[in-house]
Amino acid sequence: MAGMDLFGGAIGTSPPRSASLRAMARRLFDSRQRPAQPAKRAAVGFAAAARPMSRIACCLVCALLALPIAARPADAADLTVRQVVERLVRAADGPPADFSGMDLSFLDLSGLDFRAANLTGTDLYGTDLSRSSFAGANLSRARLDRSIIIATDFTGADLSGALLRRPAAFTTFEVVAAEAPIFVRANLSGAAIFGKLSQADFSDANLAGARMGAYRDAQLINLSRMELVDCDFSGADLTGADLSQARLAFADLTGADLTAANLSGADLSRADLTGATLTGTQLAGADLDGAVLTDARGLDRALGLDAARNRGTVVD
Amino acid sequence: MLLLNCAFGAMIQSASAQAERVDTALVLAVDISGSVDDGRFALQMEGIAAAFEDVEVQRAILGGSHGALLVTLVNWSHKPETAIPWTLIRNRADALAFATSVRAVPRGGEDFTCMSKMLELVADKVLPQMPMPADRTVLDVSGNGRDNCNPKTPAEVLRDGLVATGVTINGLPILAGDEAATIEQWYRDHVIGGPDAFVLPAESFGDFGRAVRRKFILEISGTAGPLRAAAML
């Protein structure tokens, strides 16, 4: 399955069939990654032939396991685009369309209406969802990594436990408000979210326990920060959410519940936290340059406030 | 003239009583790639809008056995998209409202002319979402350039797939720009297909309105047969 080297297997919450394919691929990958020892092999010569038959049998099994993956093209989803559309059309007069557990990766599903559809555990890796509507849809535990979500509407959708890492939310490098996805009143509790989602609307969304912290590459060298500049989090539930190192400049956090959220190292410059709840919120290293904390609740019980940057410029 | 108007009025009334099936389902696929600047885009939209305001076109729409037309507008370049979803036209007011919607379509589009992607969109997303059956399904493709997207599936293969499902694809090549001398033949070879399919070129973007009006009357009234026969002589 294409793309599994990017995020697959790390968390293991994608659909069962994809998970098993990924496990097979991982076994194969691991076997290929074992360092070859040409010098030693040359020295041994034909002695290698005397190795136990079990070793050969193991190689054969590996090769057989690899066959379904090698034969499977990158765009071999469980349904074609037309089949998806036909299901959606049929659902217009009946029960909601059911795509739960299916592999719809890499399909062009842009401009479609998935309102109220069941996409529980669906694999939408690399899928083009731009300008589609998922209002009220169930996307819990779905995998949306590397999906295209330009102007996608997730209003009221259930994305609890979903994976939304490195989606493409904009046509170019430029952040355009009209292209930002919409997550108003969506349930993103426990979701893993990472990427550039600036200007997205998360108002009244449930982001409790969401993982939106910084991401460090495999070499532990480059630190990538979640981009949430100028996002609307007004009234959102961010209790226990990980927003460490996130760029939240100019974000609207009015009335948001940030109880026990991790905002350490986050950029909150010019962010509006009017009426936000900050009980137990970790603020060590956060940049509070020009942040508005008027009527913020639980500020005295926030953690690491002394270690926050530009605290003197805060608007109380 | 009065008699004609009365007859037309009666036709509109009888048409408005029906809605379960339409005579023609018409997909208008308009090229908005890089060679189509704002002015040319406006000329195309104005041409389509004016056609739906034309009494002759309205007569063709309402003169069929079902007295109704389904129409949708697809704008295509690098990535095609449905600019106006399926709309039922069963009286003059519907036609005028559709014309207003066409004029309000914003200019989008990118550089490339991806005919294959447009045909894929029509086959996979537009036709399956047709809200009611039609006696005839017509895809009306206009543009001034050949596919330049190195498509995974060639346009003619997708064309054949659509034709196999009973769709007629007509072409309105606009003889303007670098491909003015060759585009009509390219449309004949790679785009059109199906029963009574025809090519009706516009001499320029300025001529688009005239061509599209004539084309609609032929497509909607199902009288394209004689034109095709004449063109083949």
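Residues numbered from 1 in each chain as written. Chains lettered and ligands numbered in written order. Predicted model: local features only at pLDDT ≥ 70, side-chain atom pairs only at ≥ 80, totals over all residues. Heavy atoms only, no water.

A. Spotlight on helix α8 (residues 208-221) of chain B. Helix length check: α8 of chain B, at 14 residues, gives a terminal C-alpha distance of 20 Å against a target of 20 Å (1.5 Å per residue), a fit within 8%. For α8 of chain B, the set of buried residues is Phe 208, Ala 211, Val 212, Lys 215, Phe 216, Leu 218, Glu 219 and Ile 220 of chain B. (Helix = DSSP H or I, 4+ residues; strand = E, 2+ residues; numbered from the N terminus. Expected span 1.5 Å × (residues − 1). Buried < 20%, exposed > 50% of the residue type's maximum accessible area, 1.4 Å probe, protein only.)

B. Highlighting empty space enclosed by the protein. All names here are of chain B. Applying the stated criterion to the full structure yields two cavities of 30 Å³ or more. The calculated volume of the largest cavity comes to roughly 50 Å³. If you trace the largest cavity, you find it lined by Leu 28, Ala 29, Val 30, Ile 48, Asp 140, Ser 142, Leu 172, Phe 208, Val 212 and Phe 216. Of all the secondary structure elements, the ones that give two or more residues to the lining of the largest cavity are β1 (22-31), β4 (134-143) and α8. (1 Å grid on protein atoms, 1.4 Å probe; cavity = no way out; pocket = protein on both sides within 12 Å on 5 of 7 lines; lining within 4 Å. Points joined across faces, edges and corners; volume = space filled by probe spheres on them.)

C. Looking closely at unusual backbone geometry. Even without being a glycine, Arg 141 of chain A presents a positive backbone phi close to 60 degrees. Inspection of the secondary structure puts Arg 141 of chain A in the loop between α4 (81-91) and β1 (163-165).

D. Structural context of the confidence of the model for chain B. All names here are of chain B. Averaged over every residue, the pLDDT of chain B is 85; residues scoring 70 or more account for 86%. Within the model, pLDDT remains below 50 along residues 1-18, and this stretch shows 22 contacts once partners closer than five positions in the same chain are excluded. Note on residues 225-233: pLDDT is under 50 here. Beyond four places in sequence and across chains, it has six contacts. Predicted complex, confidence summary: ipTM 0.79, pTM 0.78. (pLDDT = per-residue confidence, 0-100. Contact = heavy atoms within 4.5 Å.)

E. Summary view of the interface of chain B and chain A. Contacts between the two partners involve eight residues from chain B, matched on the other side by 13 residues from chain A. Buried area between chain B and chain A, both sides added, is near 810 Å², and the carbon and sulfur share of it is 49%. Contact with chain A buries surface across chain B, with Lys 79, Asp 124 and Lys 125 of chain B losing the most and accounting together for 56% of the total. Run the count over chain B and chain A and you get four salt bridges. Residue Asp 124 of chain B pairs with Arg 82 of chain A through a salt bridge whose shortest N-O separation is 3.3 Å. The tally of links from chain B across to chain A stands at six residue pairs in polar contact (both at pLDDT 80 or more). Take the side of chain B that touches chain A: its biggest share by element is three residues, from helix α5 (residues 115-126) of chain B. The residue inventory of the side of chain B that touches chain A, partitioned by class, reads two nonpolar, one polar and five charged. (Buried area = accessible area lost by both parts, 1.4 Å probe. Salt bridge = Lys/Arg side-chain N within 4 Å of Asp/Glu carboxyl O. Polar contact = N/O pair within 3.5 Å; in protein donor to acceptor, adjacent residues only side chain to side chain. Nonpolar A, V, L, I, M, F, W, Y, C, P; charged D, E, K, R; others polar.)

F. Here's a closer look at the sheet that holds β4 of chain B. All names here are of chain B. The strand order across the open sheet formed by five strands is β3-β2-β1-β4-β5, and the pairing between neighbours is mixed. Looking at strand neighbours, the two that pair on one side only are β3 (81-89) and β5 (167-173), the edges of this open sheet. The mean angle between the axes of side-by-side strands here comes to 15 degrees, regardless of whether they run parallel or antiparallel. Pairing of strand β2 (residues 69-76) with β3 involves six bridges; the strand directions are antiparallel. The partner of Leu 69 across the bridge, within β3, is Ile 89. α5 contacts β1, β2, β3 and β4 of the sheet and is inclined by roughly 140 degrees relative to β2. (Pairing = 2+ DSSP bridges. Axes fitted to C-alpha atoms, helices over the stretch in contact; angles between N-to-C directions.)

G. Spatial organisation of the packing of helix α2 (residues 38-53) of chain B against helix α4 (residues 92-103) of chain B. All names here are of chain B. The interhelical angle for the contact between α2 and α4, taken along N-to-C directions, is 170 degrees, at an axis separation of 8 Å. Classified by the angle between their axes, α2 and α4 sit roughly antiparallel to one another. Each of Met 45, Glu 46, Ile 48, Ala 49, Ala 50, Phe 52 and Glu 53 in α2 lies in contact with α4, whose residues at this interface are Ala 95, Leu 96, Phe 98, Ala 99, Val 102 and Arg 103. Within the contact of α2 with α4, the residues separate by chemical class into 10 nonpolar, no polar and three charged. (Parallel < 35°, antiparallel > 145°, perpendicular 65-115°, else oblique.)

H. Representation of α4 of chain A in the model. For α4 of chain A, the complete set of buried residues consists of Val 81, Val 84, Val 85, Leu 88 and Ala 91 of chain A. The arc that holds the buried residues of α4 of chain A, viewed along the axis, is 125 degrees, so those residues lie on one side. The inward-facing, buried residues of α4 of chain A contact α5 of chain B. (Arc of directions from axis to C-beta.)

I. Looking closely at the pattern of salt bridges. Under the defined criterion, the tally for this structure stands at 23 salt bridges over all chains. Two residues, Arg 21 of chain B and Asp 135 of chain B, come together in a salt bridge whose shortest N-O distance is 2.6 Å. In this pair, Arg 21 of chain B is assigned in the loop between α1 (2-16) and β1 and Asp 135 of chain B in strand β4, connecting sequence segments 114 residues apart. Residue classification places Arg 21 of chain B among the partly exposed residues on the basis of a relative accessible area of 33%. For Asp 135 of chain B, a relative accessible area of 43% corresponds to the partly exposed category. Here Asp 207 of chain B makes a salt bridge to Arg 210 of chain B, at a shortest N to O gap of 2.6 Å. Arg 210 of chain B sits in the partly exposed class, given a relative accessible area of 42%. Here the salt bridges share partners, and the residues they tie into one network are Asp 108 and Asp 128 of chain A together with Lys 79 and Lys 125 of chain B.

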